[in-house]
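Fold and geometry: a report
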Amino acid sequence: MTTTYTLFTTCPRGLEPILAQELQQQGCTDITPTDGGVSCKGTLAHVYRVNLHSRTASRVLLQLTRATYRGEDDIYKAAKNLKWQDWFSVNQTFRVKVEGKRANVKSLDFIALKIKDGVCDRFRDHCGERPSIDKVRPNVRIHAFLDERNVSIFIDTSGEALFKRGYRQGTGEAPLRENLAAGLLLLAGYDGSQPFQDPFCGSGTIAIEAALIALNRAAGLNRRFGFENLANFDKALWIKLKAEARSQIKDKPLAKISASDNDRFMTRAAKENAQEAEVDMFIEINALDAQDTRPNGENGVVVSNPPYGVRLAEVQALHALYPQLGSWLKQHYAGWTAGMFTGDMEMPKLMRLKPKRKIPLFNGNLDCRLFLFDMVSGSNRDK
């Protein structure tokens, strides 16, 4: 357990600073944010803790080797030289995923095959058998990253991506991933002590993540992880870490949490998801037009992902709505922080509000912004 590994923890682009803070809280060292993730050092105990507690991480990858390469055979050798039998057994299935940035190879898919061959040949030399591939539900996931000169090979300690908390049942057309929703809340300064509202709640993801933060409930408490399939899995330590996490859960949030949407189908889905996440008793969910919602307390936080149109008619309808939203916020939400996450860069101007921060983020491949406003009654107008 005392061996220190190089780890690379991935996250939605734009959330690297928040993830770096989370890694620091879990005791990792040598923390270096980069595009799409954060590298750090940590033991297996840190690996377990980050998987369990991080709200913004997508995957925790443990580096097994980093080697220079000139051609495909160098990458094959790097894979074959690893003691895979120390990490998993020949009876377990695995899959390989390769990504590259300016990689000097003809095909990343071919590199994935070379790494697969390296793994299988290592097992055949060691025990006379080859493990099987499973591209859908493998026991073990192997990741490789190539740049111009180096290949890094990792074992994935997360398994299913970490945004899959295990509570989502019903969703809308373009649901927000859970780790991005949590990141929006943390960027807006929500810590669970303030009242919270989402007036465009969709399937309820932001409000559910707000409840998990307010209850201090570890994000990964109700799911399984890839490291549980590895040969060096320390079950006793894992039971201890989960028990510690459970002991830190609060009985109820300190302030009210509300969510609403004008689509009854979506509020029904939000209620089902909240129930699955075991937070339905802490979130008030209503079918309401956004402008009919009113504050559920003082000096709270609004974080929302309002619809943004793709077709021209949708865009025009939304642009007509934005000035009304700006007036509604100014009229009713003085003293609150409002965060609007959108792909529409015109939103603040049309709301006639001046954001205190514009944070670039990506929702999948979609370039978005989190616009943060400090609401002061009758002011904040962009003259």
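Identification of the chain as Ribosomal RNA large subunit methyltransferase L from Kingella negevensis is taken from an unreviewed UniProt entry.

For the rest of this paragraph, the subject is the UniProt feature "domain: THUMP" (unreviewed entry) in the chain. If you check UniProt for "domain: THUMP" (unreviewed entry), the listed places come out as residues 46-157 in our numbering. End-to-end, the C-alpha atoms of residues 46-157 are 11 Å apart, and along that stretch the chain is 33% helix and 28% strand.

Attention now moves to the pairing of strand E7 (residues 150-156). With seven of its seven residues buried, E7 lies for the most part within the structure. Neither face of E7 is open: one carries Asn 150, Ser 152, Phe 154 and Asp 156, the other Val 151, Ile 153 and Ile 155, and all of them are buried. In the sheet, strand E4 (residues 59-68) pairs with E7 via seven bridges, with the strands oriented antiparallel. When the sheet's bridge partners are listed, Thr 68 is paired in E7 with Asn 150. With five bridges connecting them, strand E6 (residues 140-146) and E7 associate as antiparallel partners. The partner of His 143 across the bridge, within E7, is Phe 154. Between the end of E6 and the start of E7, which pair antiparallel, lie three residues.

This model, assessed by the stated rule, comprises 16 aromatic pairs. When the ring of Phe 227 is compared with that of Phe 233, the centres are 6.0 Å apart and the planes differ by 40°; the resulting orientation is tilted. In this structure Phe 227 comes out as buried when scored by relative accessible area, which is 2%. Look at Trp 328 and Tyr 333: their rings are 5.1 Å apart centre to centre, the planes differ by 65°, and that puts the pair in the edge-to-face class. For the pair Trp 328 and Tyr 333, a shared accessibility class is recorded, and that class is buried. One aromatic cluster is present, built from ring pairs that chain together Tyr 48, Phe 225, Phe 227, Phe 233 and Trp 238.

If you walk across this open sheet you meet the seven strands as E2-E3-E1-E4-E7-E6-E5, and the pairing is mixed. Sheet topology places strand E2 (29-34) and strand E5 (94-100) at the edges, where each strand pairs with a single neighbour. In this sheet, neighbouring strand axes are inclined to one another by 25° on average, regardless of whether the strands run parallel or antiparallel. This element, helix H4 (residues 108-127), spans E5 and E6 of the sheet and lies at about 140° to E5.

We now examine the side chain of Thr 93. Mapped onto the fold, Thr 93 is located in the loop between helix H3 (72-80) and E5. Not counting chain neighbours up to four residues away, the residues in contact with Thr 93 comprise Ser 132, Asp 134, Arg 137, Pro 138, Asn 139 and Val 140.

Calculation rules
Residues numbered from 1 in each chain as written. Predicted model: local features only at pLDDT ≥ 70, side-chain atom pairs only at ≥ 80, totals over all residues. Heavy atoms only, no water. UniProt positions renumbered as here; feature names shortened; annotations may be inferred. Helix = DSSP H or I, 4+ residues; strand = E, 2+ residues; numbered from the N terminus. Buried < 20%, exposed > 50% of the residue type's maximum accessible area, 1.4 Å probe, protein only. Pairing = 2+ DSSP bridges. Phe/Tyr/Trp six-rings, centres within 6.5 Å; stacked < 30°, edge-to-face > 60°. Axes fitted to C-alpha atoms, helices over the stretch in contact; angles between N-to-C directions. Contact = heavy atoms within 4.5 Å.

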